Structure formats: structure tokens, C-alpha cells
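# Inside the fold
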Amino acid sequence: MIWDVIVAQSPALLIAIPLLFAFFCPFIGKISNMVRNIWVAVGMALTSAVALILAWDVYAFGTRIYVFGAQAANYALPLDSGGIPVRIIFTVDPMSALMQIIAAITGLAIILYSISSEQRHSGLSSFYTLYLLMITGILGMVSTGDLFNFFVFLEIVSIASAGLIAYRVDKGLAVEAALKYFVLSTIGALAILFAIGIYYGEYNALNIAMIASRMQFTVLDQIALVLIMAALAMKCGSVPMHFWTPDAYSMAPSSITAMLVVASQASLYGIFRVLFTLYNVTLNTATVGWIVIVLGVLSMVIGVTMAIPQKNVKRLMAYHAISQTGYMLLGVGVGLAVLGNQPLMDSFGYTAMEGGIFHIINHAMYKGLLFLTAGAVFFRIGTYNLNKMGGLGHSMKWTMVFFIIGALAIAGIPPFNGFASKWMIYESVYVFNPILAIIAMVVSILTLASFVKVFHSIFMGPKLPEYEGVKEAPLPMLIGMGILAVIVILFGIFPETVVSTLIVPAAHALTNQGAYIAAVLGGV
Amino acid sequence: MKPTRSFNESLWAFHFNSGSCNGCEIEIVAAITPRYDPERFGIKLVGSPKHADLLIITGPVVKKMKDRLLRVYAQIPDPKVVMCVGTCGISGGVFYDSYNLDGPVDDVVPVDIYVPGCPPRPEAILHGVVKALAKLERIEGVKP
Amino acid sequence: MGIFSSLLSGSGAWNPLVWLLAFVVAVIIVYLIWSRGEKSYKKGTEQTTPFISGNKEPSKDAVHVRGGNLYWGYTEALKGYYERIVPLHSGDMNDYVLWYLGTTALILVIVVVLS
């Protein structure tokens, strides 16, 4: 009974629980630090539980909708509305469920990690409040079926992230990075708002399914598409609008950087939602597909080549995040370019999309792991500069093992999960255009080169005299990293299970516009 | 390692100059030329003591080279033979009892073969190498 | 069993368990070859130090190559590329906004005007 209630109300609980826990966090923080840490950990655990329950339900029983403020959760079309869903509707299809799983797991690992890594700082009530708000925003962004609601949650994520990036003031450097992130996000959000206004003016609706069912690809729609796509591409860090990414990722505390990766991927989800569900075959798939592919290839190449000469370990990892986002854009772009053509889709289009989507969850796991190891090293020795580090493998053995797992995964070395998704992308993109696949493989090799450099600089070499008393990272941080590392290994050893259970339904849900519209509008 | 029959067909030599006037070096180089051709016996010069069986030392051991000679000798794996070429290594030669020397070679490392001459002829050097090979076999008891 | 089946793409198959098996076999072969190596050297003496023309091996922290100096050859070789790309990451926010607006304009032209 209570289980049914929870499952039925889970989309609402998904937003309500972290919001409630965020609201009360400053008050609880006044009692003591320990109580606040427990409060936050419980809040995040409940949110993750609800997200996983909802995801299981969606994968088992199909797309779920939840109408806010209606008589029943699936009462989308009121009798006097003229066939237009007027309330805010959360449409959770398997792609949304996948993103919720990513946010849930990463959020939980990061809370465990933050409780230990931030213990020396003050102002932690604000930190955890903003963090829970960011979780709310990300979960809302990926679950919503309403465009303006998407914009609202996007703004929540941007504001909360900007506050978190500036958290360690760091003599003003972190605040400057947060300012750059914030100004760019605001300008992008303005463009998105303008595009939403165009849709509203044209189609009298804000619901994604409604607009999708009425979509003709007029000039105004084209302008709106470009505005949304460019803004969200900037938010997810694709070249040539990626300049904020190294600054923001390197200045934020490491646990927040791992969550910023998930936030960027939620923006990537936004691009896919707009391209595949809102427009689908009405748009010019060859042109727009190739634009996405070119963005992807540029991101891959420029991301990795800029990463190799870096001396700050977090800036290096941020450039790699840009590069891996390029892989996702490449895979899904190839799927978009052959979208209308069913034989080609069956032959390699679905595989390309599955590779790109699988790469999203893989990337969140191993990139989060890498940023958390960088944070663990910083926690012990206080510097991010590669020129000053050395010989930490003697004392920080577990951190070294987790770093090796993350580095081999990101370089696409079997048997880790990075190889499985990259292999799918290589195989399918090669059929589409061999040069793109070759560029992707070369980028993969350069990624390995870059992480060998980082591994040697941090962990190899003799024990340096200035790091004499360095101990291993504290246990909560190791547990947080361990959760992500275990998933990296498991997804690598059983890729077929993961792909067929999680990824294939997501890819098919993304391309199947008709099913999405039918779920909301009930067969219209 | 235990020497095997392949030692009959190969003996790798490392040359070490402990302060010589270069005359013995020129004769050693002459001994390697095709006219005398030690490579038909499998004898060749190698660049690292870790590949060598035979250590050829020329020159008296000047003070600065003693430490390095000891280190190179220690880096040669067993079994090894040491050959001293030229009278400088045997007794100091023209530098007998000089202020700059740390003794003739056998004060620093144990020597098996001495090749006298200033400089010795290439035939004498080759004769010394062949005797070194025979001594190696006798030390370890390998049937020729 | 379902959980151990291969990942299929349109043109190939990947099974990490087969890979792990091959890896284990390769490790065993490598171990067998390694165990036939020379065991009779003296550990801890000069026989394990590198040959640097007879000089003493310097202490390890004096020769540790720091992170920023690795891959010098690569960055030197691609200097033409890096000299153009690195200054673009100027840190100046005005440039960042201009890049964003410029890219939006370019994509607008490609999608709206040219199609």
C-alpha cells in the first residue's frame, strides 16, 4: 500500500524531498555539524532511493507521466482544456530514468565524499543547501515534460552551481570562475527563454509533447532550434563555447566538480530531448546531424590536445570532460544524421545512439571518480600543481588504485566501461564515415597519453621529502570513490546486460517521438 | 650463471680506460680490425658492463678512476675474467710510483691475465683474450 | 547465460569475459617466460644499479621528472597548433561571450539561411 503510494507519487517526491531537506538544512545546521551531516546524508539517500524506484518503475512498465495539481497523477487533459495539457507535467521515459539513475548514484557517492573532504571548511550549511538545490535542479531538468519548467530547473542548477563553484573563495579566483560560468549561463538561458517564447507564440503550448505533435519546421522553429541547441551546447561544454569549463571545474571543490559533470550531462540530455522528441524527423536531419557531429569532433580533438600541456591537474581533467562530451555528441549526432532512414538506423544508427548514451553514464562514473581522486590528493597535500607532486603512490595506495581504474576507463582500455561505449561508437561511426572513427581512436590514444602523464607526476617516483607525513585519504572519501569504481568495473565486465536493460530502451524512447506524445496526450 | 658450451663461441668484452695514454686503446682497436678479426672467435666489444664476460683494463689506475673501476667491476655479472693490457696496468709502466696513481690494477680488482707491452702488439692482445677464454673454462670446468 | 553474453554492434561483437580469459592466459605465459630468467645475480649490490659510465646513481628524487616537463617533445612538435589555440583560452569573459554568440550566429546561418 505505502509502496504503491510512493511509486505513484515518485516524480513529485523526486523534487520535493531534496527541496525540503535543502530548505531545512540551515536551521538544522545551527544545532551541530554532526546532525546536519546526518540530515544531508539521509536526504540524499532518500532522494537516490526515490530516483532508483522511479527508474525501476519506468523501465519495467513504460513511460510515466505525473501531472502536478490534478485530480490524479495521469490526468493530463482536463475536460475543458480543448485538448491541451495545461498543467506542468513530468514525463519520465527511459532516457529520463537513465539520467535520474546517474544523478542518484553520483549524488550519493559525492555526499559521502563531501562529508569528509569539506570538514575543514566553514559555511557548510550553505554548501549543503546549495548542493541539495543543485540535485533538485538536475533531477527536475531530466524529468520534466514542459519546456518552461525545464528552463526554471536549468536556472536553479546554474545558480546553485555558481554558488558552489565560488564556495572556496580562494583569494577571488573561485569567485571569478563562478562569475564566468554564471554570466555565460545567464546569456544562454536568455536565448533558451527566447526560443521557448517563440514556441509558445507559434503553438500556444509549453508542453513538449504538445509542441511535438503540432511541430512544422517553419523558419521560426529553425531559429528556436538553433538558439536552444547552441545555448545547451554551451552549457554542456562543447567546443567552441567551452572556455568556461576549465575555469569552473578547476576552481570548484572536487566533489562539486564531479556533480558539475552530471549537470553538464543534464544539459546534453536537454539537447537530445529537443532534437529527438520535439523535432524528430521534421528537422533537416542531415544538416543538424552534421552540425552535432562537427561540434562533437571539435570538442574531442581540441579538448584532448589542450589537456596534454596542462600543469593543473583539475584543468587537465576538465579538458578531458570536454573531450568525452564530444564522444557523446558524435555518437548521438550520427544517430540523428540517419534518423529518418530506418534501414540505416537498424544497421548502425541505433548502435551509435546507444554508444553515445552509454557513454553518458560511463563518463559520469569514471570522470566523477577521477575528480574525486584529484580531490583526495589535494586534501592531503594542498596543491593541484603537477610540477610539485610526486611519489604519492607509496603512501596513498587506494587513491592510486582508484585513479588507475578511472584513467584506464577514460582512455578506453578493456575491460572497463569506457571501452564498451567507445567500441560501440567506433563500430557504428566507422560505417557512417571512417574518418570520424579514426579521429575518435586517435583522441582515445591521446587521452591515454595524458593520463599516463598525470599518473607518473602524482603517484610514481621516489617519496619526496616534502610529502613525508602524507597518509591515505580518509575512509568516507575512499567509500565514495569505491562506489564509483565498483560501477566502472561492473559496467565494464557485463556491458551487454547494462546495454540491453538500461540503454536500448533509452535510445528507442528517445527516437520514438510517437510513443512520447501518446504517453502524455493519450493516443492523440 | 653457469657457463655453457656457447662460451666457446662467444666472449663479450668491455673495455675500461683507467687513465691510459691511449696507445693501448689504438692497439686494441687495431686488434678488432678485419686483419686480425677476433669476431671469428665470437669476441666482440659491448657498450655496457652488464653484457660483458671479460673486462679489459688499460692504463694505470689514476685516483679519479679507482671508484669508477670498482663500480664497473661490480656491475659485471659472474662469471667474469679481468685482463690488464699494457705495462701501465701491471706495474705503473712509465708512471711507476707516481703521485697521481692509486696503484697498479691488481691493487684495485683481481686480475687474471696480464698482457705486457707499451703498447702490446695486437697479436699479443688476442693471445691474452684466448688465454682468458681458456682460464674461464678452467675456472668453471666447462669441457672445451 | 544472459549476463555473460557478448555486446553486439551491427558489425562486431565484444565480450569482456573472453578478453579477461585471454589476459589471464597471457599473464601465465609471461610468468613462465619470466621464471626462466637469470636468478643468480646478487640483489642489492651494484649489479642492480644502472650503468652510468661508472658514476654513482643519483638519488631518485633528484632525477624525478616533474609533470609539466613530460611530453615536451610532443608540445614542441605541435608548436604551430598550440601557439594558435592556447591564447584563445584567454580568461577574458568578453571573448567567451563573443565565441558563444558567434557560434550561435554561424549555426543560425547554416540551418536557417542555407537550407
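Analysis parameters
- Residues numbered from 1 in each chain as written.
- Chains lettered and ligands numbered in written order.
- Predicted model: local features only at pLDDT ≥ 70, side-chain atom pairs only at ≥ 80, totals over all residues.
- Helix = DSSP H or I, 4+ residues; strand = E, 2+ residues; numbered from the N terminus.
- Rg over C-alpha atoms; globule rule 2.2 N^0.38 Å.
- Buried ≥ 20, exposed ≤ 12 C-beta atoms within 10 Å, placed from the backbone.
- Contact = placed C-beta atoms within 7 Å.
- Nonpolar A, V, L, I, M, F, W, Y, C, P; charged D, E, K, R; others polar.
- Right-handed = clockwise from strand over helix to strand, strands pointing away.
- Pairing = 2+ DSSP bridges.
- Axes fitted to C-alpha atoms, helices over the stretch in contact; angles between N-to-C directions.
- Core = buried A, V, L, I, M, F, W, Y, C linked by C-beta atoms within 7 Å.
- pLDDT = per-residue confidence, 0-100.
- Parallel < 35°, antiparallel > 145°, perpendicular 65-115°, else oblique.
- Left-handed = near helix turned anticlockwise from the far one by under 90°.

## Digging into the overall build of chain C
- In terms of helices and strands, chain C carries four helices and two strands.
- The secondary structure elements of chain C, listed N-terminal to C-terminal, are β-β-α-α-α-α.
- Taken against the 2.2 N^0.38 rule, which gives 13 Å for 115 residues, the C-alpha radius of gyration of chain C at 28 Å runs more than 25% over that of a compact globule.
- Over its C-alpha atoms, taken along the principal directions, chain C stretches across nearly 75 × 55 × 20 Å.
- The buried share among the 115 residues of chain C stands at 9%.

## A closer look at the overall build of chain B
- Per the secondary structure count, chain B includes five helices and five strands.
- Element order for chain B, N to C, with α for helix and β for strand: α-β-α-β-β-α-β-α-β-α.
- Taking 144 residues into account, the globule formula puts the C-alpha radius of gyration at 15 Å, and chain B, at 14 Å, falls close to it.
- Projected onto its principal axes, the C-alpha coordinates of chain B cover approximately 45 × 30 × 25 Å.
- Within the span of chain B, comprising 144 residues, buried residues form 40% of the whole.

## A short note on the interface of chain C and chain B
- Opposite the nine residues of chain C that make contact, chain B presents 10 residues.
- For the side of chain C that touches chain B, the class distribution of residues is two nonpolar, five polar and two charged.

## Structural notes on the arrangement of the chains
- There are two pairs of chains in contact here, and the one with the most contacts is chains A and C.
- A minimum C-alpha distance of 23 Å separates chain A and chain B, which share no contact.

## Considering the pairing of strand β1 (residues 11-17) of chain B
All names here are of chain B.
- Where burial is concerned, most of β1 is hidden: five out of the seven residues are buried.
- Remark: the β1/helix α2 (residues 23-32)/strand β2 (residues 43-45) crossover connection has right-handed handedness.
- Where β1 lies against strand β3 (residues 54-58), five bridges are found, and the strand directions are parallel. Bridge pairing links F16 to I57 in β3.

## A short note on the pairing of strand β1 (residues 64-67) of chain A
Residue and element names in this part refer to chain A.
- Going residue by residue along β1, you find R64 and Y66 tucked away on one face and I65 and V67 tucked away on the opposite face as well.
- Both β1 and strand β2 (residues 89-92) contribute to a ladder of four bridges, which runs antiparallel. Note on β2: the bridge partner recorded for Y66 is F90.

## Focus on helix α9 (residues 244-251) of chain A
- By the criterion of burial, α9 of chain A is predominantly enclosed, with eight of the eight residues buried.
- Of all the positions in α9 of chain A, only W244, T245, P246, D247, A248, Y249, S250 and M251 of chain A are classed as buried.
- In the core, the buried residues of α9 of chain A are packed alongside α5 (147-165), α6 (173-203), α10 (254-279) and α12 (313-337) of chain A together with α4 (93-113) of chain C.

## Some remarks on the interface of chain C and chain A
- Contact residues are listed per partner, giving 39 residues for chain C and 56 residues for chain A.
- Elements supplying a minimum of two residues to the side of chain C that touches chain A: β1 (7-9), β2 (12-14), α1 (16-35), α2 (72-77), α3 (79-85) and α4 of chain C.
- At 12 residues, α4 of chain C tops the list of elements feeding residues into the side of chain C that touches chain A.
- Residue classes in the side of chain C that touches chain A are distributed as 21 nonpolar, 15 polar and three charged.

## Focus: the sheet that holds strand β4 (residues 81-85) of chain B
Residue and element names in this part refer to chain B.
- Strand order in the open sheet formed by five strands is β2-β1-β3-β4-β5, with parallel pairing between adjacent strands. Every interior strand has two partners, whereas the edge strands, β2 and β5 (113-115), have only one. Each strand axis lies, on average, 25° off the axis of its neighbour in the sheet, ignoring direction.
- Across the face of the sheet, α2 comes into contact with β1, β2, β3 and β4 while running at roughly 140° to β3.

## As for the nonpolar core
- Judged by nonpolar contacts, the single largest core of 225 residues is most densely connected at M134, I138, I165, L330, L369 and V488 of chain A.
- Core analysis: the next-biggest nonpolar cluster, separate from the first, contains 37 residues, I76, I113, V115 and A132 of chain B among them.

## Quick word on the environment of G349 of chain A
All names here are of chain A.
- Counting through the fold element by element, G349 comes out in helix α13 (residues 342-381).
- Exposure remark for G349: the 26 C-beta atoms within 10 Å place this residue in the buried category.
- Counting along the chain gives 80 residues from G349 to V429, while the straight-line C-alpha distance between them is 8.6 Å.
- Excluding residues that lie within four positions of it along the chain, G349 makes contacts with G335, V338 and L344.

## Quick look at the confidence of the model for chain B
- Taken residue by residue, chain B gives an average pLDDT of 87. The fraction at 70 or more is 93%.
- Helix α1 (residues 6-9) of chain B is the least confidently modelled element of chain B, averaging 70 in pLDDT, while β3 of chain B averages 93, the highest of any element.

## Description of the environment of E25 of chain B
Residues and elements named next belong to chain B.
- Among the structural elements, E25 can be located in helix α2.
- The spacing of E25 and H15 is 10 residues in sequence and 8.9 Å in space, taken between C-alpha atoms.
- The residues contacting E25, other than those within four sequence positions of it, are N17, S20 and T58.

## Here's the deal with the confidence of the model for chain C
Residue and element names in this part refer to chain C.
- Overall, the predicted model of chain C reaches an average pLDDT of 87, with 96% of residues at or above 70.
- When pLDDT is averaged over each helix and strand of chain C, the minimum, 81, is found for β1 and the maximum, 94, for α1.
- For this predicted complex, the interface score ipTM comes out at 0.91, alongside a pTM of 0.89.

## Quick look at the packing of helix α3 (residues 94-117) of chain A against α10 of chain A
Residues and elements named next belong to chain A.
- It is the contact of α3 with α10, at a shortest axis distance of 9 Å, that shows an interaxial angle of 165°. As judged from the angle between their axes, α3 and α10 are roughly antiparallel. Here α3 runs over α10; the crossing is left-handed. On α10, the residues touching M99, I102, A103, T106, G107, I110, Y113, S114 and S117 of α3 are S254, S255, A258, M259, V262, Q265, A266 and Y269.
- Looking at the contact of α3 with α10 residue by residue, the class counts come to 10 nonpolar, seven polar and no charged.

## Details of unusual backbone geometry
- Note the cis peptide between V239 of chain A and P240 of chain A, where omega equals 5°.
- The topology assignment puts P240 of chain A in the loop between α8 (219-236) and α9.
- Cis geometry is found at the peptide bond from C118 of chain B to P119 of chain B, where omega equals -5°.
- Locating P119 of chain B in the fold gives a position in the loop between β5 and α5 (122-140).

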